[in-house]
Amino acid sequence: MTPVPDATPDATGADTPVVLRATGLSVVHRTRSGPLHAVSGVDVELRERHTLALVGESGSGKSSIAKALLRLPPPTTGTVTLDGTDLAALAPRALRALRPRMQMVFQDPVSSLNPRRTVRDLVAEPLDAHPDPSVDRAAVVERQLEAVGLPIGLFGDRRPAQLSGGQAQRVAIARALAAEPRVLIADEAVSALDVSAQATVLNLLRRLTEERGLASLFISHDLGVVRAVSDDVAVLHLGRLCEQGPTEEVLAAPAHPYTAALLAAVPEPGRPLGDSGLLPADPPSPLDPPSGCRFRTRCPFADERCAGEVPELREVSPGRTVACHRPLTPPQAAAVDAGAAATPTR
Ligand SMILES: Nc1ncnc2c1ncn2[C@@H]1O[C@H](COP(=O)(O)OP(=O)(O)O)[C@@H](O)[C@H]1O
Ligand code: SF4
Ligand SMILES: [Mg+2]
């Protein structure tokens, strides 16, 4: 299959090929209590050598988006293209052939690895799934382990139980790389690790995204790690995107009240979102989301319009979009960042 790169200008003006594009993604889970709207009308663009972070509280729909991108299961509505190919249009066999191009790394590395297999065999699994006589299996395994800082001589014969959490996650990443992916999705991949292992894995993901030309999606509830690893950030609340843009810009001056509240709530890395008392403890149920803006029942700035009209994502500056009828101005956002958000000033 010939890749059909399609390019958008990034903040620096350079053209970076879009590897994966999801448009109008919605995920509705059928539950005994009725349809649960986990994701509603989300667009995602993953570009080569770039990491997009998807951030939001637990239950905001992050994992539902990740699975929909991989068609595990497919989204309820919306299209996903990989290098220009619409995944929904592919016959099952063609989709199976394409699947290795999209790899996922999960939160709990030890349980995602078969405990009976050695590190060497775990990393070789993607190669064994699609045997190619021209590929030197041993050399590929050695190279991928080297890339994640685990020398094969020391680690090749170990089993998952003989690895630390950070080492196991690096094995999971080496295995993902052995499939030669275009897209790497890391779903809470550092959430279970201690701070130093987190730093190692974050640096690794950043470096590998650059070196291997990956298009990475980094999913997290932790703004501290998002800051460390991503080029761009998309903020999700109750299945809808609130705002999106270059990570540094968004975190320095959030334009959406939810982003601002998250930032004020997380002065230190590792602290769960929503812990500051600024946000009412729980988001509303996705079984019965609020009309209009889904953040309005928690927003200090909500007015009538917010109840009646869904705020669409609009561009507020180049590369930055916000879905709010009354986006924060930079001075207001700075005040929020400094901790003055508890009392709304407008
Ligand atoms: N398979 C499922 N069946 C029913 N509800 C689900 C299923 N998966 C997720 N949900 C619900 O969808 C919402 C979003 O979940 P999820 O995508 O896992 O969010 P996150 O990864 O941000 O924590 C939650 O309300 C969750 O309970
Ligand atoms: S649209 Fe209204 S309720 Fe929603 S975040 Fe903006 S001000 Fe708050
Ligand atoms: Mg999740």
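A brief look at the structure comes next. (Residues numbered from 1 in each chain as written. Chains lettered and ligands numbered in written order. Predicted model: local features only at pLDDT ≥ 70, side-chain atom pairs only at ≥ 80, totals over all residues. Heavy atoms only, no water.)

### A short note on the site of ligand 1
Then comes step 1: Among the 13 residues in the neighbourhood of ligand 1, the closest are listed as G59, G61, K62, S63 and S64.
Then comes step 2: Between K62 and ligand 1, the recorded distance is 2.8 Å, taken from a side-chain N or O atom to an oxygen atom.
Then comes step 3: Here ligand 1 has 560 Å² of accessible area as a free molecule, and 63% of this is covered by the chains.
Then comes step 4: Put simply, the parts of the chain that give the shell around ligand 1 at least two residues each are β2 (15-31), β3 (34-47) and α1 (62-69).
Then comes step 5: At three residues, the largest contribution of residues to the shell around ligand 1 is made by α1.
Then comes step 6: Tallied by class, the residues present in the shell around ligand 1 amount to three nonpolar, eight polar and two charged. (Near = heavy atom within 4 Å. Polar contact = N/O pair within 3.5 Å; in protein donor to acceptor, adjacent residues only side chain to side chain. Areas by Shrake-Rupley, 256 points an atom, 1.4 Å probe, with all protein chains shown as cover. Helix = DSSP H or I, 4+ residues; strand = E, 2+ residues; numbered from the N terminus. Nonpolar A, V, L, I, M, F, W, Y, C, P; charged D, E, K, R; others polar.)

### A word on the nonpolar core
Then comes step 1: Core analysis: the biggest nonpolar cluster contains 39 residues, and V123, L145, V148, V171, I173, L205 and F218 have the highest contact counts within it.
Then comes step 2: Among the elements of the structure, α4 (119-129), α5 (137-147), α6 (152-155), α7 (165-178), β8 (183-187), α8 (195-211) and α9 (223-229) are those that each provide at least two residues to this core.
Then comes step 3: The element best represented in this core is α7, accounting for eight residues.
Then comes step 4: With near-sequence residues (within four places) excluded, V148 lies in contact with R170, I173, A174, L177, L204 and L208. (Core = buried A, V, L, I, M, F, W, Y, C linked by side-chain atoms within 4.5 Å. Buried < 20%, exposed > 50% of the residue type's maximum accessible area, 1.4 Å probe, protein only. Contact = heavy atoms within 4.5 Å.)

### Observations regarding the pattern of salt bridges
Then comes step 1: Evaluated as defined, the whole model comprises 14 salt bridges.
Then comes step 2: Here R175 makes a salt bridge to E125, at a shortest N to O gap of 2.8 Å. Placement of R175 in helix α7 and of E125 in helix α4 is noted, with a sequence separation of 50 residues between them.
Then comes step 3: You can call R175 buried: its relative accessible area is 18%.
Then comes step 4: When the shortest N-O distance is used, the salt bridge between R305 and E309 registers 3.3 Å. (Salt bridge = Lys/Arg side-chain N within 4 Å of Asp/Glu carboxyl O.)

### A few points about the site of ligand 2
Then comes step 1: Inspection of the region around ligand 2 gives H256, P257, C293, F295, R296, C299, F301, A302, C306, P311, C324 and H325 as its neighbouring residues.
Then comes step 2: In terms of residue class, the shell around ligand 2 is made up of nine nonpolar, two polar and one charged.

### Overview of the environment of R116
Then comes step 1: Tracing the sequence through the fold places R116 in the loop between α3 (109-112) and α4.
Then comes step 2: Since its relative accessible area comes to 66%, R116 is described here as exposed.
Then comes step 3: With 45 residues separating them in the primary sequence, R116 and A161 have C-alpha atoms 9.1 Å apart.

### Describing the side chain of S26
Then comes step 1: Here S26 lies in strand β2.
Then comes step 2: Relative accessible area serves as the criterion here: at 15%, S26 is assigned to the buried category.
Then comes step 3: At a separation of 3.0 Å, a polar atom in the side chain of S26 contacts the main-chain amide nitrogen of G41.
Then comes step 4: When sequence neighbours within four positions are dropped, the list of residues in contact with S26 reads V39, S40, G41, P75, T76 and T77.

### Focus on the sheet that holds strand β13 (residues 320-322)
Then comes step 1: Read from one edge of the open sheet, eight strands run β7-β8-β9-β4-β10-β11-β13-β12, paired in mixed fashion. Since the sheet does not close on itself, it has two edges, and those belong to β7 (102-105) and β12 (314-317), each with one partner. Recorded for the sheet is a direction-independent mean angle of 25° between the axes of neighbouring strands.
Then comes step 2: α1 rests against β4 (50-55), β7, β8, β9 (215-220) and β10 (232-237) of the sheet, and its axis sits at about 155° to β9. (Pairing = 2+ DSSP bridges. Axes fitted to C-alpha atoms, helices over the stretch in contact; angles between N-to-C directions.)

### Re the environment of L52
Then comes step 1: Residue placement: L52 occurs in strand β4.
Then comes step 2: Along the sequence, L52 and T247 sit 195 residues apart, while their C-alpha atoms lie 8.7 Å from each other.
Then comes step 3: Apart from residues lying up to four places away in sequence, L52 is in contact with V44, E45, L46, S216, L217, F218, S230, D232, V233, A234 and Q244.

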